[in-house]
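Single-letter residue listing:
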Amino acid sequence: MSRPKITVVGAGNVGATCAHWAAARELGDVVLVDVVEGMPQGKALDLMQARPIFGFNVEVAGANDYQATKNSDIVIITAGIARKPGMSREDLINTNKKIVSEVTRQVVAKSPKAMLIIVSNPLDAMCYVAYKVSGFPARRVMGMAGILDTARYRCFIAMQLKVAVDEIQAMVLGGHGDDMVPLVSNTNISGTPLTHLLSKKKIAELVERTRKGGGEIVSLLKTGSAYFAPAAAAVQMAEAIIKDQKRLVPVSAYLTGEYGLNDLFFGVPVILGARGIEKILTLKLSPTEAAMLQESAATVARTRDELQM
Ligand code: TXD
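First, a word on what this report is: a plain description of the structure on this page. Each chain has its residues counted from 1, running along the sequence as written. This being a predicted model, a pLDDT of at least 70 is required before a residue's local features are given, and a value of 80 or more before pairs of side-chain atoms are given or counted; all residues contribute to the totals for chains, interfaces and linings. Hydrogens and water molecules were not included; the side-chain quantities draw on all heavy atoms of the structure.

**As for the pattern of salt bridges**
Between Lys or Arg on one side and Asp or Glu on the other, a salt bridge is scored when a side-chain nitrogen of the former is within 4 Å of a carboxyl oxygen of the latter. Scanning the entire structure with this criterion turns up 14 salt bridges. Close ionic contact of Lys202 with Glu205 constitutes a salt bridge, the shortest N to O distance being 2.8 Å. Of this pair, Lys202 and Glu205 are both found in helix α7 (residues 200-211), 3 residues apart, which corresponds to roughly one turn of the helix. Within this structure, Arg25, Glu239 and Lys243 form a network of salt bridges that share partners. Starting at the N terminus, helices and strands are each numbered in turn, a helix being any DSSP run of H or I of at least four residues and a strand any DSSP run of E of at least two.

The structure is reproduced here in structure tokens:
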């Protein structure tokens, strides 16, 4: 039996960190691909040399073409440009549309059965690009955003309440933009509703910080965007598929009528397992949350229309 094969396209901050988490967790062999000559090979070799220290036994290879990616089980696409201070995710659309189209074409030619996990921004639109270009069934194309946005939300709540992060149950839905929707009504701390523990004003502040969570890091870094938590989130998706975990997590999925939305990639709760997106769940939302979700969907639909595909 061979090990699962995970390709990561784009060996920059997020891509290299995905390779790091995936290899350290021994999810499978990893291939890092980038257009910059020598860089993916150098990072792969460096990771290979970390193996004797932490004792993980998987192969990591770097390449500038797709030969080594043949028959990948999972492909994580992080190729593209990242935001600089003052830029919105939507500002990246034209450059990243070209990059994600080209990368998808090359990936699917070598790995026709792979699951595609898209990371490049603007996220929901780039999922649409990969879906259209790949011709894959919708259950095999998905975007990483909701797990990250939820992790940020859970992290801010834990910091505020000074409790362990894994006691916080929550979900952030919607597009991966500043109008994403943290579901306050569903948030609980080991069963106790968040609304019993914090004032409305405090909760509103945490929600706002979550929505601007990516931007906060962009302004601190000044030369790029977040990558540790984004990579952890993408690798959790890969792990759920490889281990058939049936995780209930928010991911950007192709909708055909769910939540009243059509022909749109959008952050919704799904069951993630060996068949990819095995089910999309329709949650009962408060009227305010439902309205916020529709507002976020309108933004995502505008960006999709700009793609003209
Ligand atoms: O929540 C989310 N989905 C995100 C998305 C969280 C964090 C980052 N997010 C987006 O991922 C970000 O806005 C960017 O669009 C991507 C990648 O972010 P990263 O921080 O990793 O950017 P880098 O460090 O600039 O790396 C991008 C790499 C870089 O090494 C380029 O040389 C490479 O992509 N690149 C390519 N690789 C292969 N093929 C092609 N065509 C290509 N073009 C660029």
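Additional details are given in the paragraphs that follow.
**Focus on the side chain of Thr78**
Tracing the backbone shows Thr78 in the loop between β4 (74-77) and α3 (93-110). Using a 1.4 Å probe on the protein chains alone, a residue whose accessible area is under 20% of its type maximum counts as buried, one over 50% counts as exposed, and one in between counts as partly exposed. You can call Thr78 buried: its relative accessible area is 15%. Within polar-contact distance, the side chain of Thr78 engages the backbone oxygen of Gly10 at 2.9 Å. Any two residues whose heavy atoms approach within 4.5 Å are treated as being in contact. Those residues in contact with Thr78 that sit more than four places away from it in its chain are Val8, Val9, Gly10, Val14, Gly15, Val119 and Ser120. Think of a polar contact as two N or O atoms within 3.5 Å of one another; within protein, one of them needs to be a possible hydrogen donor and the other a possible acceptor, and neighboring residues in sequence only count if both atoms come from side chains.

**Remarks on the sheet that holds strand β10 (residues 188-189)**
DSSP-based pairing: two strands are paired if at least 2 bridges between them are found. Across the sheet, 3 strands lie side by side as β7-β10-β11; this open sheet has antiparallel pairing. Looking along the sheet, the strands with just one partner apiece sit at the ends: β7 (168-169) and β11 (192-193).

**Observations concerning the packing of aromatic side chains**
Whether two aromatic rings pair depends on their centres lying within 6.5 Å, for rings of Phe, Tyr and Trp, where Trp uses its six-membered ring; planes under 30 degrees apart make the pair stacked, over 60 edge-to-face, and the rest tilted. Taken as a whole, this structure holds 4 aromatic pairs when the rule is applied. Plain terms: the ring middles of Tyr227 and Phe228 are 4.7 Å apart, the flat faces sit at 35° to each other, and that makes the pair tilted. Judged by relative accessible area, which is 55%, Phe228 ranks as exposed. Judged by centre distance (5.4 Å) and plane angle (50°), the ring pair of Tyr254 and Phe265 falls under tilted. Separated by 11 residues along the polypeptide, Tyr254 in strand β12 (residues 247-256) and Phe265 in strand β13 (residues 262-273) bring together distant segments of the chain.

**What to know about the environment of Tyr153**
Inspection of the secondary structure puts Tyr153 in helix α5 (residues 146-161). It is 9.3 Å that separates the C-alpha atoms of Tyr153 and Ile168, two residues lying 15 residues apart in sequence. In contact with Tyr153, not counting residues within four places along its chain, are Ala170, Val172, Pro182, Leu183, Val184, Thr187, Leu194, Val207 and Thr210.

**Section: the environment of Ser190**
The residue Ser190 is located in the loop between β10 and β11 in this model. Side chain to side chain, Ser190 and Glu167 meet in a polar contact 2.7 Å long.

**Describing the site of the ligand**
What makes a residue near a molecule or strand is one non-hydrogen atom of that residue sitting within 4 Å of it. The ligand sits among 28 residues. The nearest are Asn13, Val14, Asp34, Ile81 and Met144. Within the backbone of Asn13, a nitrogen or oxygen atom sits 2.8 Å from an oxygen atom of the ligand. Ile81 is positioned with one of its backbone polar atoms (N or O) 2.7 Å from an oxygen atom of the ligand. Coverage of the ligand by the protein amounts to 86% of the 860 Å² it exposes when considered alone. Examining the composition of the shell around the ligand, we find that 3 residues originate from one element, α3, more than from any other. Surface accessibility in these figures is a Shrake-Rupley result with a 1.4 Å probe; residues are shielded only by whichever protein chains are displayed.

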